[in-house]
Amino acid sequence: MSPRSTAPITSHQQRQHDLHRVRRAVQYSLASVLVLCVVYSLQGLLPLQALTVNPGSATGLVGVLTAPLLHGSPGHLLANATALLLLGTLALTVYPRATLRALPVLWLGSGLAAWLLGQPGSQHLGASGVTHGLGFLVFVLGLLRRDRAAIAAGMMAFFFYGGMLLTIFPQEVGVSWESHMGGAIAGVLAAFVFRRSDPMPIRRKYSWEIEEELEREHAAASHDTLEPRAPADVPVLWQRDEFRGEHEGRGKLLPFRPRRSVQDDEPRAD
């Protein structure tokens, strides 16, 4: 992928554009957290058992759509809301299009993995599968795109939530590692599928790169003033004409006069 070609913008315009993207990402993430809080406040009025993921049960498939909105305790809600706020803001700031397109994949992937891999009779709920998907999405996109913003976002995601690499395996009783694994796999797949959804940012040169280019231009200008350039075409004795017909001669050989021997130059006595 090559960097997108747009008209040059000033540093002030670039900062305003970046701030707008950050504000929009924060607003979307806060709205998502607010939805989780509202649903949690209404959980006492909802049939939770019918809305969670019940592995192996046909009726349990309903939870694939509804379970990420439900949480078992305030601590459970706080942990997922914090991860959703941080990772959602990071993903939407750097990859707004890819994140919006990947979100349904992460949502369904985490729920289906819990339904397929979970123990029969267990119930799975919570947005941790989606947050795992966001974490792996940001990290893998950083590896695939490798521009400055992508690398920085991937490093930040790994710094804050690198422990997600371990929580996709069974470690703690009562934690749905199945939905974590499903979200992680969905995040990796979505990163490969949607890696070109957002245009590559314009690469701005470092100061030392500009200095090196100026030095090379100055050296080239000095070279031109001191000595002439080599001729573009050097004539050769034997030339091949590539544009001749198939049955004509393959080339042209310039004739030379035969060398005369020393005896021919000496006078002869009759």
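Because the structure is predicted, anything quoted here is derived from the model rather than measured.

Conventions used here
- Residues numbered from 1 in each chain as written.
- Predicted model: local features only at pLDDT ≥ 70, side-chain atom pairs only at ≥ 80, totals over all residues.
- Heavy atoms only, no water.
- Helix = DSSP H or I, 4+ residues; strand = E, 2+ residues; numbered from the N terminus.
- Buried < 20%, exposed > 50% of the residue type's maximum accessible area, 1.4 Å probe, protein only.
- Contact = heavy atoms within 4.5 Å.
- Areas by Shrake-Rupley, 256 points an atom, 1.4 Å probe, with all protein chains shown as cover.
- Phe/Tyr/Trp six-rings, centres within 6.5 Å; stacked < 30°, edge-to-face > 60°.
- Core = buried A, V, L, I, M, F, W, Y, C linked by side-chain atoms within 4.5 Å.
- Polar contact = N/O pair within 3.5 Å; in protein donor to acceptor, adjacent residues only side chain to side chain.
- Salt bridge = Lys/Arg side-chain N within 4 Å of Asp/Glu carboxyl O.
- Axes fitted to C-alpha atoms, helices over the stretch in contact; angles between N-to-C directions.
- Parallel < 35°, antiparallel > 145°, perpendicular 65-115°, else oblique.
- Nonpolar A, V, L, I, M, F, W, Y, C, P; charged D, E, K, R; others polar.
- Left-handed = near helix turned anticlockwise from the far one by under 90°.
- pLDDT = per-residue confidence, 0-100.

A closer look at the overall build of the protein chain
Assigned secondary structure in the protein chain consists of 11 helices and two strands. Counting from the amino terminus, helix and strand elements in the protein chain follow one another as α-α-α-α-α-α-α-α-α-α-β-β-α. Burial analysis of the protein chain (270 residues in total) assigns 33% to the buried set. Put simply, of all contacts in the protein chain between residues at least 6 apart along the chain, 79% involve residues at least 24 apart. Accessible surface computed for the protein chain: about 18,400 Å², of which carbon and sulfur atoms make up 64%.

Observations concerning the packing of aromatic side chains
Counted by the stated rule, this structure contains two aromatic pairs. Aromatic pair Phe159 and Phe160: ring centres 5.2 Å apart, planes at 85°, arrangement edge-to-face. Note on Phe160: relative accessible area 52%, which makes it exposed.

Details of the nonpolar core
Counting residues in hydrophobic clusters, the biggest one holds 31 residues, and the most contacted among them are Tyr95, Leu134, Leu137, Val138 and Leu141. Within the residue set of this core, elements represented by two or more residues are helix H1 (11-41), helix H4 (74-94), helix H5 (96-117), helix H6 (128-145), helix H7 (148-161) and helix H9 (177-193). For this core, the leading source of residues is H4, giving seven residues. Residues contacting Leu137, with those up to four places away along its chain left out, are Thr99, Ala102, Gly187, Ala190 and Ala191.

Notes on the side chain of Asn54
Along the polypeptide, Asn54 turns up in the loop between helix H2 (48-51) and helix H3 (63-66). A relative accessible area of 15% places Asn54 in the buried class. When residues no more than four places from it in sequence are discounted, the contact partners of Asn54 are Gln49, Gly60, Trp115, Ser122 and Gln123.

What about the side chain of His132?
Along the chain, His132 turns up in helix H6. Side-chain polar atoms of His132 contact the side chain of Thr167, separated by 2.6 Å. In this structure, His132 is in contact with Met164, Thr167, Ile168, His180, Gly183 and Ala184, ignoring residues within four places of it in sequence.

Thoughts on the environment of Phe158
In this fold, Phe158 is placed in helix H7. A relative accessible area of 44% means that Phe158 is categorised as partly exposed. For Phe158, the residues in contact, after removing those within four places along its chain, are Phe139 and Leu165.

Topic: the pattern of salt bridges
The final tally for this structure, using the stated rule, is one salt bridge. Asp147 is the partner of Arg145 in a salt bridge, and the nearest nitrogen-oxygen pair spans 3.5 Å. Here the two residues Arg145 and Asp147 agree in accessibility, since each one is buried.

Let's talk about unusual backbone geometry
A positive phi angle, near 65°, is found at Arg146, a position not held by glycine. Within the secondary structure, Arg146 sits in the loop between H6 and H7.

Re the packing of H4 against H7
Here H4 crosses H7 at 170°, and the two axes come no closer than 10 Å. One element, H4, and the other, H7, form an angle in the roughly antiparallel class. Listed contacts from H7 to Thr82, Ala83, Leu86, Leu87, Leu90 and Val94 of H4 are Ala149, Ala150, Ala153, Met156, Ala157 and Tyr161. Split by residue class, the contact of H4 with H7 holds 11 nonpolar, one polar and no charged.

Comments concerning the packing of H6 against H9
The contact between H6 and H9 brings their axes to 7 Å, and the two run at 35°. In the crossing of H6 with H9, the sense of the turn from one axis to the other is right-handed. Facing Ser128, Gly129, His132, Gly133, Phe136, Leu137, Val140, Leu141 and Leu144 of H6, the residues of H9 in contact are Ser179, His180, Gly183, Ala184, Gly187, Val188, Ala190, Ala191 and Phe192.

Describing the confidence of the model for the protein chain
For the protein chain, the average pLDDT comes to 82, and 74% of its residues sit at 70 or higher. Within the model, pLDDT remains below 50 along residues 1-7, and this stretch shows 12 contacts once partners closer than five positions in the same chain are excluded.

Details of the environment of Val188
For Val188, the position within the fold is in helix H9. C-alpha of Val188 to C-alpha of Val140: the two residues are 48 residues apart in sequence and 6.3 Å apart in space. Residues within four places of Val188 in sequence aside, it is in contact with Phe136 and Val140.

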